[in-house]
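Now for the letters of each chain:
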Amino acid sequence: MNIINLIRYKNLILIALVQVLIKYAMFPAFNVDTTLSTFQFIILVISTVCIAAGGYIINDIFDVETDAINKPNKQIVGKTIAKDKAYNYYMAFTFIGVVTGFYLANDVNRSTFFGIFVVIAALLYIYASFLKPMLLVGNIVISGLVALSLIVVGIFDLLPTINMQNKFIQSSMFEVIVDYAVFAFLITFIREIVKDIQDIDGDYNAQMKTLPIVLGKNRAAKIAFGLTVASILILAYYLNAYLYMQTIAIIYFLIAVIAPLIYIAIKLFSAENKKDFKLISRLLKVVMLLGMLSMVVYYFII
C-alpha cells in the first residue's frame, strides 16, 4: 500500500480515465480518423501514467522536510519507504515511461514525438528540485503538464492522420481537446494555489516563495477566488458560443461544473483555516473529474 499511495494512484487513475474518455467517447462521437490501435493506446496510457508516477515520487523525495510539517501522518518517503528506495522507484517508473514513449513514437512513424516524453520527465524533475520554491513558476509548470496529458492523446491519435480531405474535422477535434486542456490547466492552477495555502507552514520553513508566503494567505485566497470566477465566466461564454443548441450539454455543465465552481468561489471568499482549504482542494478535484466526464455527453448528443 505504501508504494501505491506514494505514486498517488487516484490521480493516476484520473489521468488514465481522461485519456480513455478522449479516445473512446469523444473521438467516436465526432467520427474522426485516428492513428492508435487499442494496443498502441494502452502503451500511451502506460507511458503517461508511469512518468506521472515518477514525478510524484521525486516530488516527495525533495519534499521530505516540508511534508514532515504539512502532512506528518501521510508522509511516506523517509518514514515507511527509505529515500534511496524511493529514488529507485522513481528511476524505474520514469525509465518505463520514457522507453514505452520511445517505442510508441517509432511505432506510429513519428520518432520526433518521443521528445514529448523526455521533456515531461525532465520538467517533473526540474520542478521538484528547482522550480517548486519559485513564485508561481512551479504552479504553472504542473498545471501545464496536466493539460499536456490531454493534448498528447490528440498529438498521437489525430495529427498523424491529417490530410487534405479530413483536415477541418481533425483540426476542429484537436481544438476541442485544447479547450479541455485549458479547463484542466485553470482548475489545476487554482488547486495548486489552494494547496500552497494549506502547506504554508512547511513551505515557509523550507524558504519557498509560494503565493501565500509572498502575499499572505488572505490575498492568495482572493486571487484563487478571482481565478475561479474567471473560469466560471469563460465556461459560460463557451457554452453560449459553441453549445447553445445542445440543451443536454448546457444542463450538464451548469449542474456538474459551473454550480460547484460557484460554491467553491463562495468558500474561497470566506475560507479561514486549513480545514476549509482542504475541502476546497477536494472539491476542485471533483470538478475536474466532472468536467472531464462531460466528454461522455458528446457521445450521446452528437
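On a predicted model such as this, the values are computed, not experimentally measured, just so you know.

What counts, and where the lines are drawn
- Residues numbered from 1 in each chain as written.
- Predicted model: local features only at pLDDT ≥ 70, side-chain atom pairs only at ≥ 80, totals over all residues.
- Heavy atoms only, no water.
- Helix = DSSP H or I, 4+ residues; strand = E, 2+ residues; numbered from the N terminus.
- Rg over C-alpha atoms; globule rule 2.2 N^0.38 Å.
- Contact = heavy atoms within 4.5 Å.
- Areas by Shrake-Rupley, 256 points an atom, 1.4 Å probe, with all protein chains shown as cover.
- Lys, Arg positive; Asp, Glu negative; His and termini not counted.
- Charge placed at Lys NZ, Arg CZ, Asp CG, Glu CD.
- Expected span 1.5 Å × (residues − 1).
- Buried < 20%, exposed > 50% of the residue type's maximum accessible area, 1.4 Å probe, protein only.
- Patch = residues over 30% accessible without salt bridge, like charges linked within 9 Å, V, L, I, M, F, W, Y side chains within 5 Å.
- Salt bridge = Lys/Arg side-chain N within 4 Å of Asp/Glu carboxyl O.
- Phe/Tyr/Trp six-rings, centres within 6.5 Å; stacked < 30°, edge-to-face > 60°.
- Core = buried A, V, L, I, M, F, W, Y, C linked by side-chain atoms within 4.5 Å.
- Axes fitted to C-alpha atoms, helices over the stretch in contact; angles between N-to-C directions.
- Parallel < 35°, antiparallel > 145°, perpendicular 65-115°, else oblique.
- Left-handed = near helix turned anticlockwise from the far one by under 90°.

Asker: An account of the overall build of the chain is requested, with residue identities and associated values reported.
Answerer: For the chain, the count of helices and strands is 13 helices and zero strands. Sequence-ordered secondary structure for the chain, helices as α and strands as β, is α-α-α-α-α-α-α-α-α-α-α-α-α. Over its C-alpha trace the chain gives a radius of gyration of 20 Å, about what one expects of a compact globule, namely 19 Å for 302 residues. Overall, the chain is about 60 × 45 × 30 Å in size when its C-alpha atoms are taken along their principal axes. Considering only contacts in the chain between residues 6 or more positions apart, those separated by 24 or more positions represent 76%. Carbon together with sulfur atoms contributes 66% to the accessible area of the chain, which is approximately 14800 Å² in total. Once the 23 positive and 17 negative side-chain charges of the chain are each reduced to a mean point, those two points are 5 Å apart.

Asker: I'd like a rundown of helix α3 (residues 38-62), residues and numbers included.
Answerer: Compared with the 36 Å implied by 1.5 Å per residue over 25 residues, the 37 Å span of α3 between its first and last C-alpha is a close match. Buried residues dominate α3, accounting for 19 of its 25 residues.

Asker: Give a description of a nonpolar patch on the surface that names residues and reports values.
Answerer: Residues Phe62, Tyr87, Met91, Tyr125, Ile126, Phe130 and Met134 make up a contiguous nonpolar surface patch of roughly 650 Å² in combined accessible area. Contributing elements (two or more residues each) for the nonpolar patch: α5 (83-107) and α6 (114-131). Counting residues per element, the nonpolar patch draws most heavily on α6, at three residues. Here Met134 shows up in the loop between α6 and α7 (137-157).

Asker: Help me get a handle on the packing of aromatic side chains, residues and values and all.
Answerer: Across all of its chains, the model carries 13 aromatic pairs by this definition. With a centroid separation of 6.0 Å and an interplanar angle of 10°, the aromatic rings of Phe185 and Phe189 are classed as stacked. One end of the pair is Phe185 and the other is Phe189, both in helix α8 (residues 167-198) and four residues apart, which spans about a single turn. You can call Phe189 buried: its relative accessible area is 12%.

Asker: Can you explain the side chain of Asp196? Please cite residues and give values.
Answerer: Relative to the helices and strands, Asp196 is located in helix α8. It is Lys132 that comes nearest to the buried, bridge-free Asp196 among opposite-charge side chains, at 6.7 Å. In contact with Asp196, not counting residues within four places along its chain, are Asn139, Asp203, Thr210 and Pro212.

Asker: Residues and numbers for the nonpolar core, please.
Answerer: Core analysis: the biggest nonpolar cluster contains 97 residues, and Leu44, Leu150, Phe156, Tyr180, Leu261 and Met292 have the highest contact counts within it. A total of 14 residues in this core trace back to one element, the largest contributor, which is α8. The contacts of Phe156, once residues within four sequence positions are left out, are Thr35, Leu36, Leu44, Leu104, Ala105, Val108, Phe113, Ile116 and Phe117.

Asker: Report on a positive patch on the surface, specifying residues and quantitative values.
Answerer: A surface patch of positive charge is lined by Lys10, Lys71, Lys74, Lys274, Lys278 and Arg282. A per-element tally of the positive patch places helix α13 (residues 274-301) first, with three residues. Examined against the element boundaries, Lys74 turns out to sit in the loop between α4 (64-70) and α5. Overall, Lys74 belongs to the exposed group, its relative accessible area being 57%.

Asker: If you had to explain unusual backbone geometry to someone new, which residues and values would you point to?
Answerer: Backbone geometry places Arg8, a non-glycine residue, at a positive phi of 55°. Relative to the helices and strands, Arg8 resides in the loop between α1 (2-6) and α2 (9-30). The exposure class assigned to Arg8 is partly exposed, which follows from its relative accessible area of 21%. One non-glycine residue with positive phi stands out, namely Leu136, at about 65°. Take Leu136: it is sitting in the loop between α6 and α7.

Asker: Please provide a residue-by-residue account of the packing of α5 against α6, values included.
Answerer: Remark: α5 packs on α6, axes separated minimally by 7 Å, with the N-to-C direction vectors making an angle of 160°. The angle between the axes of α5 and α6 places the two elements in the roughly antiparallel class. Handedness of the crossing formed by α5 with α6: right-handed. Contacts between α5 and α6 involve Tyr90, Thr94, Val98, Gly101, Phe102 and Ala105 from the former and Phe114, Phe117, Val118, Ala121 and Tyr125 from the latter.

Asker: Kindly report on the pattern of salt bridges, identifying the contributing residues and their values.
Answerer: With the rule as written, the count across this model stands at four salt bridges. Here Asp60 makes a salt bridge to Arg8, at a shortest N to O gap of 2.9 Å. A residue pair is termed long-range when its members are at least 10 positions apart, and Asp60 in helix α3 and Arg8 in the loop between α1 and α2 qualify at 52 residues.

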